[in-house]
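Each chain is listed here by its residues.
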Amino acid sequence: MTDLATLLPRIERLLDRLDSSAAAHGLDWKTVRAARWAAQTGELKPILHPQRVALKDLLAIDEQKQRIDANTRQFVTGKPANNVLLTGARGCGKSSLVKAVHAKYAPKGLRLIEVDKAGLPHLPDLFDLLADADYRFIVFIDDLSFAEHEPGYASLKAALDGSLAGPSDNVLIYATSNRRHLMPEYMAENLETRHLGGEVHPGEATEEKISLSDRFGLWVPFHGMDQDTYLAIARHWAATLGAPSDERFERAALQWSLGRGARNGRVAWQFARDWAGKQ
């Protein structure tokens with residue numbers, strides 16, 4: 001009786017897992033181009049209307065576009081490619097660039113799966129679901145950063161490199177973050193640095209924080225933009241939305257950026273929408 005009481009919960013969990021697996025595999029990837037990983041239930045939920053972004057609309061990041069496009073093209077055509085970490089200034093197109101390359105290569109079999117930080121400990125389950133699919137998948141983790149001792153940190157680190165349950169050849173991880181090392185860095189950690197024979201050796205705390213970003217094969221940095229670039233992007237979006245940019249446009253755009261405390265592509269897009277809506 002005791003053995004049966006012990007086995008029943010295990011059997012129930014196994015049946016739940018099989019049901020979730022069947023639901024995930026039930027996605028028709030011919031029509032579903034993007035999905036969201038619901039780690040709590042172990043399901044892939046289709047995103048029926050993914051945001052469409054065109055590469056031509058992303059201005060002032062030509063080098064970043066070239067690097068991400070080349071890596072994604074290699075992946076889609078079955079050649080070796082790297083996991084990617086896009087880092088740097090906020091609002092400069094990191095997430096939009098991932099969405100844009102997905103839109104470009106979706107007709108060639110590329111699918112995008114969005115994973116939030118809570119789902120990171122369950123990445124091995126997701127990799128198992130995707131391993132036998134006849135498509136290429138980018139696991140997209142947006143706005144990634146960690147506080148001290150968060151469980152997802154070790155999970156992502158193992159998933160990128162080091163775990164036996166890592167992704168198969170048809171899966172890459174693309175992550176965006178405002179922090180290159182993904183974790184807060186403290187002045188006290190610099191005191192651990194040692195100088196041996198003229199060489200600088202970081203302390204263990206610093207080494208640990210660097211070790212996660214090091215596991216991404218490709219780093220793509222984004223930088224802030226000057227005023228002229230900001231205005232050019234605002235004009236582009238205004239024209240795209242069918243709104244003329246008259247003599248008031250430049251002053252209004254600059255006032256908008258001052259109110260937001262930033263000049264970047266996101267602020268330019270938001271201003272253009274406001275401007276177009278008032279015309």
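A brief report on the enclosed structure follows. Bear in mind the structure is a predicted one, so any value in this text is a computation, not a measurement.

Cut-off values and rules
Residues numbered from 1 in each chain as written. Predicted model: local features only at pLDDT ≥ 70, side-chain atom pairs only at ≥ 80, totals over all residues. Heavy atoms only, no water. Phe/Tyr/Trp six-rings, centres within 6.5 Å; stacked < 30°, edge-to-face > 60°. Helix = DSSP H or I, 4+ residues; strand = E, 2+ residues; numbered from the N terminus. Buried < 20%, exposed > 50% of the residue type's maximum accessible area, 1.4 Å probe, protein only. Core = buried A, V, L, I, M, F, W, Y, C linked by side-chain atoms within 4.5 Å. Contact = heavy atoms within 4.5 Å. Pairing = 2+ DSSP bridges. Axes fitted to C-alpha atoms, helices over the stretch in contact; angles between N-to-C directions. Arc of directions from axis to C-beta. Salt bridge = Lys/Arg side-chain N within 4 Å of Asp/Glu carboxyl O. Right-handed = clockwise from strand over helix to strand, strands pointing away. Expected span 1.5 Å × (residues − 1).

1. Brief notes about the packing of aromatic side chains
At step 1: Tallying each qualifying case throughout the model produces six aromatic pairs.
At step 2: Seen from their ring centres, Phe249 and Trp275 are 5.2 Å apart, and the 85° between their planes marks the pair as edge-to-face. Note that Phe249 is positioned in helix α9 (residues 249-260) and Trp275 in helix α10 (residues 265-278), a separation of 26 residues in sequence. A single burial state applies to Phe249 and to Trp275, both of which are buried.
At step 3: An aromatic cluster is built from Phe249, Trp256, Phe271 and Trp275, whose rings are joined through pairwise contacts.

2. What to know about the nonpolar core
At step 1: By size, the foremost hydrophobic cluster in this structure holds 43 residues, and its most contacted members are Ile68, Leu86, Leu97 and Tyr230.
At step 2: Counting residues per element, this core draws most heavily on helix α8 (residues 227-240), which supplies six residues.
At step 3: Not counting the four nearest positions on each side in its chain, Leu97 is found in contact with Leu55, Leu58, Gln64, Lys65, Ile68, Leu86 and Phe222.
At step 4: The next biggest cluster of nonpolar side chains, apart from the first, holds 31 residues, and it includes Leu129, Tyr153, Leu160 and Ala175.

3. With respect to the sheet that holds strand β9 (residues 218-222)
At step 1: Across the sheet, which stays open at both edges, the seven strands sit in the order β2-β1-β4-β5-β6-β3-β9 with mixed pairing between neighbours. Unpaired on one side and paired on the other, β2 (43-46) and β9 mark the two borders of the sheet. Across the sheet, the axes of successive neighbouring strands diverge by a mean angle of 25°, strand direction being ignored.
At step 2: In terms of strand pairing, strand β5 (residues 136-141) meets strand β6 (residues 171-177) through five bridges, oriented parallel. Each residue of the ladder has a partner; that of Phe140, found in β6, is Tyr174.
At step 3: Most of the contacts of helix α2 (residues 62-76) go to β9, to which it runs at about 150°, and overall it touches β3 (84-88), β4 (110-114), β5, β6 and β9.

4. Observations concerning the pairing of β6
At step 1: In terms of burial, β6 is a largely internal element, seven of the seven residues being buried.
At step 2: Where burial is concerned, the two faces of β6 agree: the one with Val171, Ile173, Ala175 and Ser177 and the one with Leu172, Tyr174 and Thr176 are both buried.
At step 3: Relative to β6, β3 runs parallel, the two being bridged by four bridges. Paired with Thr87 across the bridge in β6 is Ser177.

5. What about helix α4 (residues 123-130)?
At step 1: Every buried residue of α4 is accounted for by Leu123, Leu126, Phe127, Leu129 and Leu130. For α4, the angular spread of buried residues about the axis comes to 160°, placing them on one side.

6. Here we look at the pattern of salt bridges
At step 1: A complete count under the given rule lists eight salt bridges for this structure.
At step 2: With its nearest N and O atoms 2.7 Å apart, the salt bridge here joins Arg73 to Asp69. You can see Arg73 and its partner Asp69 sitting in helix α2, four residues apart, about one turn around the helix.
At step 3: A residue is classified by how much of its surface remains accessible, and Asp69, at 11% relative accessible area, is buried.
At step 4: Close ionic contact of Lys104 with Asp69 constitutes a salt bridge, the shortest N to O distance being 3.0 Å. With Lys104 in helix α3 (residues 94-105) and Asp69 in helix α2, this pair connects stretches of sequence that are 35 residues apart.
At step 5: Taken together, the shared-partner salt bridges connect Asp69, Arg73 and Lys104 into one network.

7. Remarks on the pairing of β4
At step 1: Of all five residues in β4, four are buried; the element is thus mostly enclosed.
At step 2: Across three bridges, the pairing between strand β1 (residues 34-38) and β4 is parallel. When the bridges of β4 are listed, Ala35 appears paired with Ile113.
At step 3: For β4 and β5, the ladder comprises five bridges, and the chain directions are parallel. Its bridge partner being in β5, Leu110 is matched across the sheet by Arg136.
At step 4: With α4 bridging β4 and the parallel β5, this β-α-β connection has right-handed handedness.

8. Some thoughts on α9
At step 1: Look at α9: 17 Å from first C-alpha to last across 12 residues, which is about the 16 Å you get at 1.5 Å a residue.
At step 2: Along α9, the residues classified as buried are Phe249, Ala253, Leu254 and Ser257. For α9, the buried positions fall inside an angular range of 125° around the axis, keeping them on one side. When the buried face of α9 is taken as reference, the exposed residues oriented beyond 90 degrees from it are Arg251, Leu258 and Gly259.
At step 3: Each element contacted by the buried residues of α9 is listed here: α8 and α10.

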